[in-house]
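These are the residues of each chain, in order.
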Amino acid sequence: MCMNTVRFCSVFLIFFGCSERPQKPDSHIGAMPASKAEVVRFCADCHAYPKPETFPAFMWREEVEQGFRFYTDSRRNDLEPPNLEAVVAYYESLAPEEFEISLPENSEQQGIVKFEELLLDREEVPVPAITHINFRPATANQPASLFVCDMGSAEVSQLTFDSGKPSVNSLAQVPFPVHLDRTDLDNNGHEDWLISDLGGFQPSDDLFGELDWLQMSNEGENQNVQTILQNVGRIADARAADFDGDGDQDVIVAIFGWRKAGKLIWLEQLQADSGELQFKEHLINKRHGYSHVPLVDIDSDGDMDFIALISQEFEAIELYRNDGHGVFEQSVLFQADNPSFGSSSIDLSDLDGDGDVDVLYTNGDTLDSHMVKPYHAVQWLENLDNSQFSHRHIANLPGAYCVKAGDIDGDGDQDLVACTMTMVFDHNFHSLVWFEQNEGKEFELHNIESGFRQHACLELGDFDNDNDLDIAVGHFEPRRVEKADWISIWWNDGKREHSQ
């Protein structure tokens, strides 16, 4: 999925649980604030030091109490915790009273490209929760298609464009599908799909995650859905490649979990006498919170490496180099200095056109604290030499959740499209934007859509075969409504006669 829709609270908590600001407590009145040294010693022992400005004052009691609970639950006894009330007083005395986030002045300013929206809904899917969209271009035998994960309908479906007209076909019923990876897992020449099944809306360490294999026939119809991994934590992403050089397809799996059940593994495909696929599990990293694992041969040595996003308290982007036999060496490309940074997605693209792969990155997750933050943003890691990456900030964007690269304006360089999921009602924040790349690796923001429209994912592609990139964005409806939009297609109508 182009999203980190994996820190879910209960759906009803998302719907109704964050509308009122809690009252600032006064139980610490009289307590002397702890010193910064005391706070850093305890609160930064296993993750980055939480800076006071990362939350408003009224939220710090809950954050501090949660941190103390984490330490108690870890059963560690090697630290001497400071006084809880003193730590609360430290943070509340230094934190801002409120976050000030300016609303955009112009709700529509599409720039030099004109977009027209085609709004799609489905009678059989009244309240969608679209988590991933995967584009397959048109071929000689098949029209262009979008493959869609929808947790609202517990369904994987195919949206086909025939002469620009969409039609939808249900492919598989999967309880909580969040990501699709196109592959040929059994090497039979037919297209297959790996489906990552989160296993539930709620944050949980229950072992409900599954990895499913959707086999497709020559005609593009579904043949069979098999479960190839189950009884694990919540699975956020899975990608297939030959990681050990033996000629078959193995799988990297990002098991997000929650606080205990997460891990990063690869499944080695074995030669099975029965003809059924068999896999052996190998642990890569035992931490929870992995959400994205895009593949890349970063060093051009002929074997597949991958880049991983880990959120939760770690908030890092990591490179895993493969030795050609399925042994991976980890290095950190970026580490946020804020354990509540809200990492939400990564994607890979040669953004600056220098022949190597850069990392696109959003941090805008609001499902942990139910609020937008002034440091939510779209950014990228510029690849300097395949081992050194330079962090570059593109723009602040409240609720930034997914970003993709493509040449939107047809000028030969890579632009960006980003969507947001704020889960904040009654606002006019940007919900879909594109960034025009100009000289000097600079990006200019143009808004396409604003208001309370929630998007966890988007996809780019030439859906109508007219030689420009269109945008598909999925709707994720958090309100209790009878009917909601399913997917919006934003047709790229080309450059305007006069730029705005």
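Every value quoted in this text rests on a predicted model; they were computed, and no experiment measured them.

Observations concerning the packing of helix H2 (residues 36-43) against helix H4 (residues 84-94)
Piece 1. Close contact between H2 and H4 brings their axes to 10 Å; oriented N to C, the two are set at 110 degrees. The pairing of H2 with H4 is recorded here as roughly perpendicular in orientation. For the pair H2 and H4, the sense of crossing is left-handed. Residues Lys36, Val39 and Cys43 of H2 touch H4, and the partners they reach there are Val87, Tyr90 and Tyr91.
Piece 2. Per-class residue counts for the contact of H2 with H4 are five nonpolar, no polar and one charged.

Brief notes about the pattern of salt bridges
Piece 1. Under the defined criterion, the tally for this structure stands at 21 salt bridges.
Piece 2. Linking glutamate 155 and arginine 122 is a salt bridge whose minimum nitrogen-to-oxygen distance equals 2.6 Å. With glutamate 155 in strand S4 (residues 155-162) and arginine 122 in the loop between strand S1 (113-120) and strand S2 (130-136), the pair connects residues that are 33 residues apart, well separated along the chain. Each member of the pair, glutamate 155 as well as arginine 122, is classed as buried.
Piece 3. Linked by salt bridges that have partners in common, Glu117, Glu449, Arg453 and Asp485 make up one network.

Regarding the sheet that holds strand S28 (residues 470-474)
Piece 1. If you trace the four strands from one edge of the open sheet to the other, you get S1-S29-S28-S27, paired in antiparallel fashion. The sheet is open, and its two edges are formed by S1 and strand S27 (458-461), each paired on a single side. Taking the axes of each pair of neighbouring strands and ignoring which way they run, one obtains an average angle of 20 degrees across the sheet.
Piece 2. Where S27 meets S28, four bridges bridge the pair, whose relative direction is antiparallel. Pairing of leucine 460 across the sheet is with isoleucine 471, part of S28.

Re the side chain of serine 369
Piece 1. Tracing the backbone through its elements, the reader meets serine 369 in the loop between strand S20 (358-363) and strand S21 (377-383).
Piece 2. At 3.4 Å, the side chain of serine 369 forms a polar contact with the side chain of aspartate 368.
Piece 3. Among the polar contacts made by the side chain of serine 369, one reaches the side chain of lysine 373 at a distance of 3.4 Å.
Piece 4. When sequence neighbours within four positions are dropped, the list of residues in contact with serine 369 reads Phe55 and Met59.

Some remarks on the confidence of the model for the protein chain
Piece 1. Taken residue by residue, the protein chain gives an average pLDDT of 89. The fraction at 70 or more is 90%.
Piece 2. Every residue in residues 1-28 is under pLDDT 50, and counting partners more than four places away or in other chains gives 105 contacts.

Quick word on the nonpolar core
Piece 1. Counting residues in hydrophobic clusters, the biggest one holds 22 residues, and the most contacted among them are Val39, Val64, Val87 and Tyr91.
Piece 2. Elements represented by at least two residues in this core include exactly H2, helix H3 (60-74) and H4.
Piece 3. The greatest single-element share of this core, amounting to five residues, is contributed by H4.
Piece 4. Filtering out sequence-adjacent residues up to four positions away, valine 39 remains in contact with Ala34, Ala44, Tyr49, Val87, Tyr90 and Tyr91.

Side note on the state of the cysteines
Piece 1. Scanning the entire structure with this criterion turns up zero disulfides.
Piece 2. The thiol of cysteine 43 is unpaired, and the distance to the nearest cysteine sulfur, on cysteine 46, comes to 9.3 Å.
Piece 3. Residue classification places cysteine 43 among the buried residues on the basis of a relative accessible area of 15%.
Piece 4. Here cysteine 149 stays unpaired: no disulfide links it, and the sulfur of cysteine 457, its closest cysteine neighbor, is 8.3 Å away.

Some remarks on the sheet that holds strand S24 (residues 415-420)
Piece 1. In space, the four strands of this open sheet follow the order S23-S24-S25-S26, with antiparallel pairing throughout. In this open sheet, the two edge strands, each paired with only one partner strand, are strand S23 (400-406) and strand S26 (442-450). Averaged over neighbouring strand pairs, the angle between their axes works out to 20 degrees when direction is ignored.
Piece 2. Sheet topology places S24 next to strand S25 (residues 430-438); four bridges connect them, and they run antiparallel. Note on S25: the bridge partner recorded for valine 417 is tryptophan 434.

Some remarks on the packing of aromatic side chains
Piece 1. Evaluation of the coordinates by the stated rule reveals 17 aromatic pairs.
Piece 2. With 4.4 Å between their ring centres and 35 degrees between their planes, phenylalanine 147 and tryptophan 193 make a pair best called tilted. Separated by 46 residues along the polypeptide, phenylalanine 147 in strand S3 (residues 144-150) and tryptophan 193 in strand S7 (residues 192-197) bring together distant segments of the chain. You'll find phenylalanine 147 and tryptophan 193 in the same group, each marked buried.
Piece 3. Clustering of aromatic rings is evident, with ring pairs tying together Phe55, Trp60, Tyr90 and Tyr91.
Piece 4. The residue whose ring lies beneath arginine 122 is tryptophan 486, and the NZ or CZ to ring-centre distance is 5.0 Å.
Piece 5. Geometry around phenylalanine 314 places arginine 287 over its ring, the cationic atom sitting 4.9 Å from the centre.

Some details on unusual backbone geometry
Piece 1. Its identity as a non-glycine residue notwithstanding, asparagine 231 has a phi of 60 degrees, on the positive side.
Piece 2. What makes asparagine 231 exposed here is its relative accessible area of 56%.
Piece 3. With phi around 60 degrees, lysine 441 is a residue other than glycine that occupies positive phi space.
Piece 4. Looking at where lysine 441 falls in the secondary structure, it is placed in the loop between S25 and S26.
Piece 5. Given the relative accessible area of 32%, lysine 441 is considered partly exposed.

Reading the values: the criteria
Residues numbered from 1 in each chain as written. Predicted model: local features only at pLDDT ≥ 70, side-chain atom pairs only at ≥ 80, totals over all residues. Heavy atoms only, no water. Axes fitted to C-alpha atoms, helices over the stretch in contact; angles between N-to-C directions. Helix = DSSP H or I, 4+ residues; strand = E, 2+ residues; numbered from the N terminus. Parallel < 35°, antiparallel > 145°, perpendicular 65-115°, else oblique. Left-handed = near helix turned anticlockwise from the far one by under 90°. Contact = heavy atoms within 4.5 Å. Nonpolar A, V, L, I, M, F, W, Y, C, P; charged D, E, K, R; others polar. Salt bridge = Lys/Arg side-chain N within 4 Å of Asp/Glu carboxyl O. Buried < 20%, exposed > 50% of the residue type's maximum accessible area, 1.4 Å probe, protein only. Pairing = 2+ DSSP bridges. Polar contact = N/O pair within 3.5 Å; in protein donor to acceptor, adjacent residues only side chain to side chain. pLDDT = per-residue confidence, 0-100. Core = buried A, V, L, I, M, F, W, Y, C linked by side-chain atoms within 4.5 Å. Disulfide = S-S within 2.5 Å. Phe/Tyr/Trp six-rings, centres within 6.5 Å; stacked < 30°, edge-to-face > 60°. Lys NZ or Arg CZ within 6 Å of the ring centre and 35° of its normal.

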